Every structure is written in C-alpha cells, then in structure tokens.
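Geometric and topological summary
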Amino acid sequence: MHTLVITRVAERQWHALDDDLVVGRGEASPRPDGRLFLSVDAWHDDVFARLAAAMLAALPRPLFTVVDEADADLRTRWVRAGLTARRREWEYVLAAGGDAALPRPGLTLLPVGAAELDPLRRLDRAIRAEIESTTGWDQMPATVLSRPLDPAHYAVAAESGAYVGLARLALLPRHTRIGLIAVRSAHRQRGIASALLAQIRAATHARGVATVSADVHEANTAAVALFEAAGARRTGSNLELVIR
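This text gives an overview of the structure that appears in the document. (Residues numbered from 1 in each chain as written. Predicted model: local features only at pLDDT ≥ 70, side-chain atom pairs only at ≥ 80, totals over all residues. Heavy atoms only, no water.)

Section: the overall build of the chain
A tally of regular secondary structure across the chain gives 5 helices and 12 strands. The principal-axis extent of the C-alpha atoms belonging to the chain is close to 70 × 30 × 30 Å. Out of the 244 residues in the chain, the part that is buried amounts to 44%. Sequence-distant contacts in the chain: of pairs separated by 6 or more residues, those separated by 24 or more amount to 67%. In the structure as shown, the chain presents an accessible area of about 12600 Å², 52% of it carried by carbon and sulfur atoms. (Helix = DSSP H or I, 4+ residues; strand = E, 2+ residues; numbered from the N terminus. Buried < 20%, exposed > 50% of the residue type's maximum accessible area, 1.4 Å probe, protein only. Contact = heavy atoms within 4.5 Å. Areas by Shrake-Rupley, 256 points an atom, 1.4 Å probe, with all protein chains shown as cover.)

Describing the nonpolar core
Soluble globular proteins: nonpolar side chains tend toward being buried together. Core analysis: the largest hydrophobic core is formed by 27 residues, its most contacted members being Tyr-92, Ile-178, Ile-181, Ile-192, Leu-196, Ile-200 and Phe-227. For this core, the secondary-structure elements that each account for two or more residues are strand E6 (84-95), strand E7 (107-110), strand E8 (154-159), strand E9 (162-171), strand E10 (175-183), helix H4 (192-206), strand E11 (211-217) and helix H5 (221-229). For this core, the element with the highest residue contribution is H4, accounting for 6 residues. With residues near it in sequence (within four places) discarded, Phe-227 still touches Tyr-92, Leu-94, Ile-178, Ile-181, Leu-197, Ala-214, Val-216 and Ala-232. Grouped together as the second largest cluster of nonpolar side chains are 23 residues, Val-47, Leu-63, Val-67 and Leu-83 included. (Core = buried A, V, L, I, M, F, W, Y, C linked by side-chain atoms within 4.5 Å.)

Some words on helix H3 (residues 117-132)
Between the first and last C-alpha of H3 there are 22 Å, a value that for 16 residues agrees with the 22 Å anticipated at 1.5 Å per step. Residues of H3 that are buried make contact with E8, E9 and E10. (Expected span 1.5 Å × (residues − 1).)

Description of unusual backbone geometry
Here the residue pair Arg-61 and Pro-62 is connected by a cis peptide bond, since its omega of 5° sits within 30 degrees of zero. Although it is not a glycine, Asp-20 sits at a positive phi angle of roughly 70°. Secondary-structure assignment places Asp-20 in the loop between strand E2 (13-18) and strand E3 (21-30). At Gln-189, a residue that is not glycine, the phi angle is positive and equals roughly 65°. Topologically, Gln-189 is positioned in the loop between E10 and H4. The exposure class of Gln-189 is exposed, given its relative accessible area of 83%.

Some thoughts on the sheet that holds strand E1 (residues 4-10)
Strand order across the open sheet formed by 12 strands is E1-E2-E3-E4-E5-E12-E6-E11-E10-E9-E8-E7, with mixed pairing between neighbours. Only two strands of the sheet have a single neighbouring strand rather than two, namely E1 and E7. Strand-to-strand twist across the sheet, computed as the mean angle between neighbouring axes with direction ignored, equals 25°. As judged from the 9 bridges shared by E6 and strand E12 (residues 233-243), these two strands associate in the antiparallel manner. The residue of E12 that forms the bridge with Tyr-92 is Arg-234. The sheet strands contacting helix H1 (residues 45-58) are E1, E2, E3, strand E4 (36-42), strand E5 (63-68) and E12, and the helix crosses E4 at an angle near 155°. H5 contacts E6, E10, E11 and E12 of the sheet and is inclined by roughly 155° relative to E11. (Pairing = 2+ DSSP bridges. Axes fitted to C-alpha atoms, helices over the stretch in contact; angles between N-to-C directions.)

Structure, rendered in structure tokens:
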C-alpha cells in the first residue's frame, strides 16, 4: 500500500486515500436525540483504524456505533479503537396473521394513519416524559427517534376518548417493522400493548406481508415478555458501543 492519507471532506465525513484512490470512508450521523453514531466502510484493518482514530480525535464525545453482534470482526475493530459495549437489543420476528383482538369496552384501536396529529403529539410527549423519568429515553432503540411526528407511521389505542398507547411502524415491502410499542403508565397491565400487537399482525397479513419484526432492549422485560408471549423468535442481536 502507498502512503495512506486521511482527509476530512465534509463536517462529518472522512475519506482514506491511497495514491488518490478512495479506499475507505467514515461518517458521523446525528440522531434526533443529538447523539452522534459512527460508521466506517473499509476493507483493511489499518484503514479502518486510521479513519476511526481521525473521527474520534475530531468529534465531541460521547460517540456511538451499532454493530451486528454476529459480526465479530467489526466489533473487534471498534473495541480496538476504544469503544465498549453499552447495551444489547434482541431482534424478534413473528408471523403476521390472526384476527385482531376485539377491544374491550372503552378501548378503541386506530389503525396506521387514522390518528389525529394533535392528540398523537400529546401522547408522544407524555410517553417520552415517562420513559425519560425512569429508564431514560437514550435507552430506547434508535429506530424510534424519528421526527417529524407523522400519523402515517403510528397505530394508536384510545381509552374513553383519550390516546393512551401507540405503536410506531415502518411498513416495509417484506415485513412490518415495529420501532416502539408504548402505553401510558396509568393504563398498563390492561392488555393494551397486546391488542396493538395483534392489530399490527392482522393488518400486516391483510397487506400480503408475512412477518413482523422489532428490536427490543434486553433489559426491557415487559417488551420481551410481550413478544415472546406472542410467539416471536429471536433472530439476532445488535450491540450499541460507546466511547466517552
């Protein structure tokens, strides 16, 4: 290899150049909660290490990245750069289908796109505040951190006319991706999350798609129980790494 040159080509982008040929790329992507997540695309360990070192030296900490736990090589590269494991998310997959459960009296399930924006915003703010005051919003999967809020991505549960639970969804061509299922604390233990999940499975089947998937923080015992009770199976896991 010729002399390797690391060049910062934009505010959060770097290139590794070998004789003017790009042999690696690094990028820092801001998430809506303000955290920076790193990614490096390079074939060779030394190129990866040089790019990572340049990014770590230039960017404010803490810095994060997410790796497939099965990708031992990539995890090792980041650990060598100084990052350590912060949290694990299980990936669950379950079959679409079944009948949406009939809501109990007083509970209404609004399908994706049917929620009104203003009450959805109020519900979203309330749920975020409850999570922030307990486990912390930064413990939630990155996929739920979306803005702007769009009813086209949400199914909602309403009780006595008030929005009390939501599911954030991505309706992908081959599966439905659940980013979040959450219920207001005063309305939990009433089967609302299970009813939302049943509705999602039935709606996914109705659009001709076979599976539903979700990432669940391993410490979120309620979410783990919800998906496993529905027959979901673990298909993998992701690790979030951090350097402070």
